[in-house]
Amino acid sequence: MVILSFVFSNLWVFSGTALALYFGASAYYQLFLSPLRHIPGPWYAAVSELWIITHVLRFRQCRAVQELFEKYGPIVRYAPNKVAYCDAVSNGRIYMNTRFEKSQFYKSLLWRVNESDHAMTSLPHAEHAPRRRAFAPHYTPSNIALFQPDIHKSVLELVEILEVVNGEKPINCLHYFREMLVDIICSTSFSYNSGALQARAAGVEYHPLVHAIDDFPIRGILRAVVPKSMWELLGEIPHQRWKLLYDSDAILAKFVGARVKHMRAQMQDGKLQEVEKVPLVQRLLEYRLPSGEPMEEKNIIAEHLGHFIAGVDTTATTISYALWELSRRPDIARRLRAEVDSAMHDPKTIPDISVLNSLSFLTAVIKETLRVYGAVPSLLERVVPSEGIDLLGCNIPSGTVITTQSWSLHRKVDVFPSPNTYLPDRWVDADPDNLREMEAHMMPFGIGQRVCVGQHFAYQSLRIVLAVIARNFDIYVPPETSDRSMEVRDAFVAFPASGCCCLVLTPRKS
Ligand code: HEM
């Protein structure tokens, strides 16, 4: 009784001491007993997640991890249970091995709709593989080529809008290209005109779908770091702009749900003809799982959502950074234009993708943009399976998060000299051995079983858009766009520090 009353009267002291003992013991374990103790890295990263979380919240995780590689070498401990490496050879052992599942990180960063995962958020390979089989045929180069007319239509619509602007004011490329991508993905996924570019032409600044996608990175990062119960409380804040951000996934899910229902009704009414070019939604509705069952509607919706999010921002950001480089490097812009001119005699008649594929400097510009400004430069976390792994001389036990990031592989100075310089010629001048080495270090679309399924789609869109812009416009940098405003920030996806990529696109005079 006396002891209890003593404890209660000194509750603060006891709780403080207990907490200090707990943190002290945990720090002691992480630094001196943990199986990861031999892996280099700063002590404060080894004892708590706090260090890396502060960098995540400042949108500079990629740079923080890169600084660790520069200081400690190719393998570093960046959190108590997390190890990052920078080595292309090791990639095969991690990302090609189906026993290395995605980490829990994916659950929180990429939202779940109706509690349904989509391919990006499915962690075990056994769960992921049947999903991937459902949509992968849509994204093969030959199938994606069938959708060229849809892409051409949207790109030429954008050209018309830019001709009306006539270079009289800077435009935020990120907005315009997001709108174009939303139109393109809606037509390839649903055979539906979302009218985002039409809305732009009519002077509407924000299309609801584009708005929702725009909000994705910040919503994702908040959702990843705010505890679930607090996140639900935040949903009650009565602020209109905040509600739009908070509900962005629900807005998208409602739109996609309506498109799925519409297509199902058309199929049931026998209104669809046998055609070679099938929208993704029809493919998913017709798909049968290994059990012979169709996919559940909530899974189809979630899958479409994942593709929307994965495809729009990434491609729009890549185009924007490429145009920014062209605007400040007239030498590169001139060479690109000369090559495109030779293949595209009429400025409004876009050649077949097979012709654009053969333009070597266009390819070099795209590769260099993906290298320096890859839209997903981030750690792609996997979990070490039960047998553990020996990597770069370190023994890493089961359950450890193991990962690499394209930001660092793309900046390995022995493979890419002057790694921060934008130099498309490095892809033109490389001898076959160098080229092989460079290709082995490129992973803008990830690698292995979970590699970006939309990479051919992205490449096709990038080739078409960059060729058309180079053929039709001169690009200038306005004063508000600078190295500082365009500095890359990362929230799993990359974006410019200012959130804008303002450029002046003037219809070509000569
Ligand atoms: C330049 C543009 C793009 C970049 C840089 C990019 C990058 C990536 C990366 C790095 C991953 C792998 C993530 C991981 O391992 O955790 C990924 C996955 C994915 N991407 Fe892309 N992506 C781009 C465009 C697209 C497009 C246009 C689409 C579709 C319309 C798309 C759909 C997907 C999907 C569905 C996944 C998940 C695949 C799976 O797990 O099976 N992406 N992307």
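Residues numbered from 1 in each chain as written. Predicted model: local features only at pLDDT ≥ 70, side-chain atom pairs only at ≥ 80, totals over all residues. Heavy atoms only, no water.

Going by an unreviewed UniProt entry, the protein chain carries the name Cytochrome P450 and comes from Vararia minispora EC-137.

Quick look at the overall build of the protein chain
This is how it is decided: Secondary structure follows DSSP: runs of H or I at least 4 residues long count as helices, runs of E at least 2 residues long count as strands, and numbering of each begins at the N terminus. Atoms counted for the radius of gyration: C-alpha only. Globule rule: 2.2 Å times residue count to the power 0.38. Burial status follows relative accessibility: with a 1.4 Å probe on protein chains alone, a residue under 20% of its type maximum counts as buried, one over 50% as exposed, and anything between as partly exposed.
Scanning the protein chain from terminus to terminus reveals 26 helices and 12 strands. Relative to the compact-globule value of 24 Å for 510 residues, the protein chain shows a C-alpha radius of gyration of 25 Å, a close match. Projected onto its principal axes, the C-alpha coordinates of the protein chain cover approximately 90 × 55 × 45 Å. Taking all 510 residues of the protein chain together, 55% fall into the buried category.

Remarks on the pattern of salt bridges
Counted only if it meets this: Criterion for a salt bridge: a side-chain nitrogen of Lys or Arg within 4 Å of a carboxyl oxygen of Asp or Glu.
On inspection of all chains with the given rule, the structure shows 28 salt bridges. The salt bridge partner of Glu67 is Arg60, with a shortest N-O separation of 2.9 Å. Relative accessible area serves as the criterion here: at 42%, Glu67 is assigned to the partly exposed category. Look at Arg60 and you get buried, because its relative accessible area is 18%. Between Asp117 and Lys107 there is a salt bridge, and its shortest N-O distance comes to 2.8 Å. Residue Asp117 is found in the loop between helix H7 (105-109) and helix H8 (125-135), and its partner Lys107 is found in helix H7; the two are separated by 10 residues along the sequence. Here the residues in one salt-bridge network are Glu49, Lys82 and Glu381, joined through shared partners.

What to know about the state of the cysteines
Going by this rule: Two cysteine sulfurs form a disulfide in these notes if their separation is within 2.5 Å.
Inspection of the entire model under this criterion finds 0 disulfides. Note on Cys186: no disulfide assigned, nearest cysteine sulfur contributed by Cys452 at a separation of 18 Å. A residue is classified by how much of its surface remains accessible, and Cys186, at 0% relative accessible area, is buried. As a non-bridged cysteine, Cys500 has Cys502 as the owner of its nearest cysteine sulfur, 4.7 Å distant.

Focus on the coordination of the iron atom of the ligand
As a reminder, the rule being used: Metal donors: N, O and S atoms at distances within 2.8 Å, or within 3.2 Å for Na, K and Ca, with water omitted from the atom set so that some sites may seem incomplete.
Among protein atoms, the single one acting as a donor to the iron atom of the ligand is Cys452 (SG), 2.3 Å away. Within the secondary structure, Cys452 is located in the loop between helix H25 (432-441) and helix H26 (455-472).

Re the packing of helix H11 (residues 173-190) against H26
Inclusion rule: To obtain an axis, a line is fitted to C-alpha atoms, over the contacting stretch when the element is a helix, and the angle between two such axes runs from 0 to 180 degrees between their N-to-C directions. Angle categories are assigned with fixed cut-offs, so that under 35 degrees is roughly parallel, over 145 is roughly antiparallel, 65 to 115 is roughly perpendicular, and the rest are oblique. What makes a crossing left-handed is the near helix being turned counterclockwise from the far one by less than a right angle; a clockwise turn instead makes it right-handed. Whether two residues are in contact is decided by their heavy atoms: any pair within 4.5 Å suffices.
For the pair H11 and H26, the least separation of the axes is 13 Å and the interaxial angle reads 130 degrees. Comparing their axes, H26 and H11 come out oblique. Classified by chirality, the crossing of H26 by H11 is right-handed. In contact with Phe177, Met180, Ile184, Ile185 and Thr188 of H11, H26 contributes Phe457, Val465 and Ile469.

Let's talk about helix H20 (residues 330-343)
Convention followed: By this rule, a helix spans an expected 1.5 Å times one less than how many residues it contains. When we speak of the arc, we mean the arc of directions from the helix axis to the C-beta atoms.
For H20, with 14 residues, the first-to-last C-alpha span of 20 Å sits near the 20 Å given by 1.5 Å per residue. Along H20, the residues classified as buried are Ile332, Leu336, Arg337, Glu339, Val340 and Ala343. Looking straight down H20, one finds that the buried residues subtend no more than 165 degrees of arc, so they occupy a single side. Buried positions along H20 lie against helix H19 (297-328), helix H21 (353-357), helix H22 (360-373), H26 and strand S9 (473-476).

Some remarks on the nonpolar core
Rules: For our purposes a nonpolar core is just a set of buried Ala, Val, Leu, Ile, Met, Phe, Trp, Tyr and Cys residues, chained together by side-chain atoms within 4.5 Å.
The biggest cluster of nonpolar side chains holds 104 residues, and the ones touching the most others in it are Phe177, Met180, Val182, Phe308, Ile319, Leu323 and Ile469. The leading source of residues in this core is H19, at 13 residues. Once you skip the residues sitting within four places of it in the chain, Phe177 turns out to touch Leu158, Ala316, Ile319, Ser320, Leu323, Val465 and Ile469. Counting 38 residues, the second largest nonpolar core, distinct from the first, contains Leu36, Phe100, Leu391 and Met443.

A few points about the site of the ligand
Here is the rule: Here, proximity means that at least one heavy atom of the residue falls within 4 Å of the molecule or strand. Definition of a polar contact: a pair of N or O atoms within 3.5 Å, with one able to donate and the other able to accept a hydrogen when the atoms are protein atoms, and with sequence-neighbouring residues admitted only if both atoms are side-chain atoms. Only Asp, Glu, Lys and Arg are considered charged in this grouping, and only Ala, Val, Leu, Ile, Met, Phe, Trp, Tyr, Cys and Pro are considered nonpolar; every other residue, Gly among them, is considered polar.
The local shell around the ligand holds 28 residues, among which Tyr106, His128, Arg132, Arg382 and Cys452 are the closest. Within the contact set of the ligand, an oxygen atom lies 2.8 Å away from a side-chain nitrogen or oxygen of Arg132. Among the secondary structure elements, those contributing two or more residues to the shell around the ligand are H8, H19 and H26. Per element, the largest residue contribution to the shell around the ligand is 6 residues, and it comes from H19. Taken together, the residues that form the shell around the ligand break down as 16 nonpolar, 8 polar and 4 charged.

A look at the environment of Ala322
Secondary-structure assignment places Ala322 in helix H19. C-alpha of Ala322 to C-alpha of Val372: the two residues are 50 residues apart in sequence and 9.9 Å apart in space. Once residues within four sequence positions are removed from consideration, Ala322 is found in contact with Thr369 and Leu466.

Considerations on the pairing of strand S11 (residues 493-496)
The line we're drawing: DSSP calls a pair of strands paired once it identifies at least 2 bridges connecting them.
Here S11 shows a buried face lined by Val493 and Phe495 and a second buried face lined by Ala494 and Pro496. Across 4 bridges, the pairing between strand S10 (residues 488-491) and S11 is antiparallel. Bridge assignment links Arg489 to a residue of S11, and that residue is Phe495.

Examining the sheet that holds strand S8 (residues 401-403)
Reading across the sheet, the 5 strands line up as S1-S2-S8-S5-S3 and stay open at both edges, with mixed pairing between neighbours. The open sheet has two edge strands, strand S1 (75-79) and strand S3 (101-102), and neither has a second partner. Of the pairings in the sheet, the one linking strand S2 (residues 82-85) to S8 comprises 3 bridges and is parallel in character. Among the inter-strand pairings, Val83 is bridged to a residue of S8, identified as Ile402.

Focus on the packing of aromatic side chains
The criterion, for reference: Pairing of aromatic side chains requires ring centres within 6.5 Å, counting the rings of Phe and Tyr and the six-membered ring of Trp. Pairs whose planes differ by under 30 degrees are stacked, by over 60 edge-to-face, and all others tilted. For a lysine, the NZ atom is tested; for an arginine, the CZ atom; a charge sits over a ring if that atom is within 6 Å of the ring centre and within 35 degrees of the ring normal.
What the rule picks out here adds up to 22 aromatic pairs. Judged by centre distance (5.6 Å) and plane angle (80 degrees), the rings of Phe105 and Tyr106 are edge-to-face. Its relative accessible area of 2% is what places Tyr106 among the buried residues. Above the face of the Tyr106 ring, Lys102 is positioned so that its terminal group lies 4.1 Å from the ring centre. It is Arg411 that lies over the ring of Trp407; its NZ or CZ is 3.6 Å from the centre.

A look at a nonpolar patch on the surface
Heads up, the condition is: For patch building, the residue pool is restricted to those with more than 30% relative accessible area and no salt bridge; the joining distance is 9 Å between like charges and 5 Å between nonpolar side chains (Val, Leu, Ile, Met, Phe, Trp, Tyr). Method for areas: the Shrake-Rupley scheme with a 1.4 Å probe, in which residue coverage is limited to the protein chains shown.
Residues Tyr28, Tyr29, Phe32 and Leu33 make up a contiguous nonpolar surface patch of about 440 Å² in total accessible area. Along the chain, Leu33 turns up in helix H2 (residues 11-33).

Focus on the packing of helix H10 (residues 148-165) against H26
Close contact between H10 and H26 brings their axes to 10 Å; oriented N to C, the two are set at 35 degrees. The element H10 and its partner H26 pack so that their crossing is right-handed. Across from Gln148, Ile151, His152, Val155, Val159 and Leu162 in H10, the residues of H26 making contact are Gln460, Ser461, Ile464, Val465, Val468 and Ile469.

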